[in-house]
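Examining the three-dimensional arrangement
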Amino acid sequence: MAAALQVLPRWARSPLRPLLWGRLGARLASGMALEEQARKLFDSTVGAVMPGPMMHRALSLDPSSGQLKVRDRSFQLQQNLYLVGFGKAVLGMAAAAEELLGQHLVQGVISVPKGIRAAVEHTGKQEMLLKPHSRIQVFEGAEDNLPDRDALRAALAIRQLAEGLTADDLLLVLISGGGSALLPAPIPPVTLEEKQTLTKLLAARGATIQELNTIRKALSQLKGGGLAQAAYPAQVVSLILSDVVGDPVEVIASGPTVASIHNVQDCLHILNRYGLRAALPQSVKTVLARADSDPRGPHTCGHVLNVIIGSNALALAEAQRQAEVLGYQAVVLSATMQGDVKSVAQFYGLLAQVAGAHLTPPGTGASMGEDEQLHELAAELQLPDLQLKEALEVVAGARGPVCLLAGGEPTVQLQGSGRGGRNQELALRVGAELGQRPLGPVDVLFLSGGTDGKDGPTEAAGAWVMSDLANQAAAEGLDMATFLAHNDSHTFFHRFQGGAHLLYTGLTGTNVMDVHFLFLQPR
């Protein structure tokens, strides 16, 4: 796995506009405080990973000497700086970079999500917009986080800039979540449509982001180190806002500045696993065969410095601090939550039951059987940083409300044609789990939200639920199981209590995957 420097920042918060939680009148008065605390926590969590503060922590320029410092490395700037970027947070990152380094910037090209500038203007975040007469050209594309012709034009403009650089130049590459869809440049004869169809099929069958990116890199001119190769012999510095579990730089945005560690056999193994090898178009077979016989072998990226400036773990650390300010005993469970959304939801349901039992009188919560089942399920999820034992010890010693925090990116296997996203589906499934378990005299709230503000092809960032969701839904004539069977979580939450449980933020301008909050408040 490729190594990258990690920026360990001091905390700095960027304000977000207030979140819209549906109609206030649809909420129960008894749940108001808990819901508002959840909202505040999501707000501060996203604020910790906004682009501007992270860029200012990562870069420092000595104006007298023109020396740029990135961590422990120095680069001499003298009107030799070029910039490219791609991702959901890149507009704000580019604005901060131009503010810091503008006098040395010759030219830049960035690829950002469709509508991001209008969204930023609407929310009044002027610091995330490029100034008039900026030297950075902006392309918008990849609507609904899917590669399209606009993103392809941006990718080709980025490649053209990189290929024109010399050994005297420095290329600053800004990368964030969503970067892969915003940098599509298929190797001919593969077309954008063919690559997109293959990616959609893999995603629908439950392929992980690591598997998707392995295929993307094999079929791309710029991913898997291709951008770094195009920029050679210029020096390259990549500043990366991670949206991938574990922060592997070769996976984030499909690793455009990291030499690929995968080969054609890895690709074929993935395609076989999901039953797609036989259905490959001839163009894909041609590119894979060509790569397998390339006499040059894999290229290296020794001229590149990769630095991770923000991550899910950083956001969760701020969430923990803010939860403690709100009066909770707070524990970060994991920043690598992944696996099938059904298993993840079962884990949170069991966790609520077991943790809740520690907060209530004996005999009102979980038994030893549920405790063992929770640990078995945790082992099956294979989360390398899971702090389950430590979390339960904290809960056992708590004398008040508890907040358990996690982050990552579960996967959803699509079985229906409904509308939703992984955060809304996870919240709905957790709501179903909570309704099936005896929780005792404890109020439970679960929130799942995407830090980018957009959950799947919907306008919501996620959703929140409480333990009485199933009963309340049934009273409104809504069958949760039917909506889940059709992956139709957004429609469910839109209808339920007038959309009061949906989390709306608009595009936030950042992206470090999802965050999950489990609040337990003894009555």
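Check the entry above for the structure.
Residues numbered from 1 in each chain as written. Predicted model: local features only at pLDDT ≥ 70, side-chain atom pairs only at ≥ 80, totals over all residues. Heavy atoms only, no water.

**With respect to the side chain of S176**
Stated precisely, the cut-off is as follows: In this text, helices come from DSSP runs of H or I with a minimum length of four residues, and strands from runs of E with a minimum of two, each type numbered from the N-terminal end. In this scheme, a residue with accessible area under 20% of its type's maximum is buried, one over 50% is exposed, and one in between is partly exposed, where area comes from a 1.4 Å probe on protein chains only. Under the rule applied, a polar contact is a pair of N or O atoms within 3.5 Å (in protein, one hydrogen donor and one hydrogen acceptor; residues adjacent in sequence only if both atoms are side-chain atoms). Only heavy atoms matter for contacts: two residues are in contact if any of them lie within 4.5 Å across the pair.
The residue S176 is located in the loop between β8 (170-175) and α6 (192-204) in this model. For S176, a relative accessible area of 0% puts it in the buried group. At 2.9 Å, the side chain of S176 forms a polar contact with the backbone nitrogen of A89. Excluding its chain neighbours within four sequence positions, the residues that come into contact with S176 are F86, G87, K88, A89, V90, M93, L241 and A253.

**Some thoughts on the pairing of strand β4 (residues 73-76)**
How we decide: The pairing criterion is simple: DSSP has to find at least two bridges between the two strands.
One ladder, built from four bridges, connects strand β3 (residues 67-70) with β4; its direction is antiparallel. Bridging from a neighbouring strand, L68 pairs with F75 of β4. The antiparallel hairpin formed by β3 and β4 contains two residues in its connecting segment, where R71 sits at a positive phi of about 55°.

**Brief notes about the pattern of salt bridges**
To keep it simple, the criterion reads: Think of a salt bridge as a Lys or Arg side-chain nitrogen and an Asp or Glu carboxyl oxygen that are within 4 Å of each other.
Scanning the model with the defined rule gives 15 salt bridges in all. Among the salt bridges present, the one from K88 reaches D452, with a minimum N-O distance of 2.5 Å. Highlighted residues: K88 in the loop between β5 (81-86) and α3 (90-101) and D452 in the loop between β13 (442-450) and β14 (462-466), separated in sequence by 364 residues. Note on accessibility: K88 and D452 belong to one class, buried. Note that E163 is salt-bridged to R159, the shortest N-O span being 3.9 Å. Remark: R159 and E163 occur in helix α5 (residues 149-163); sequence separation between them is four residues, near one turn of the helix. In this structure, a network of salt bridges that share partners links the residues D144, K454 and E459.

**Some points on empty space enclosed by the protein**
Selection rule: Note on definitions: the grid is 1 Å and covers protein atoms alone; a cavity is a set of points where a 1.4 Å probe fits but cannot get out; a pocket is an open set with protein on both sides within 12 Å along at least five of seven lines; lining residues have an atom within 4 Å of a point. Grid points are joined across faces, edges and corners, and a volume is the space filled by probe spheres set on the points.
Here the structure, examined in full by the defined rule, presents three cavities of 30 Å³ or more. Of the volumes computed, that of the largest cavity is approximately 70 Å³. Lining the largest cavity are P147, S180, A181, P184, L192, K195, Q196, T199, R216 and K223. Sort the elements by how many residues they give to the lining of the largest cavity and α6 lands first, with four residues.

**A word on α3**
Threshold: Take the residue count of a helix, subtract one, and multiply by 1.5 Å to get its expected span.
The end-to-end C-alpha distance of α3, which contains 12 residues, comes to 16 Å, matching closely the 16 Å that a straight helix rising 1.5 Å per residue would cover. Where burial is concerned, most of α3 is hidden: 10 out of the 12 residues are buried.

**Observations concerning the environment of T191**
Locating T191 in the fold gives a position in the loop between β8 and α6. Residue classification places T191 among the partly exposed positions, given a relative accessible area of 32%.

**Points about unusual backbone geometry**
Geometrically, the link from P188 to P189 is a cis peptide bond, its omega value of 10° lying close to zero. With omega at 15°, the peptide bond leading from Y232 into P233 counts as cis. Checked against the element boundaries, P233 lands in the loop between α8 (226-231) and β9 (235-241). Positive phi, close to 50°, is recorded for Q79, a residue that is not glycine.

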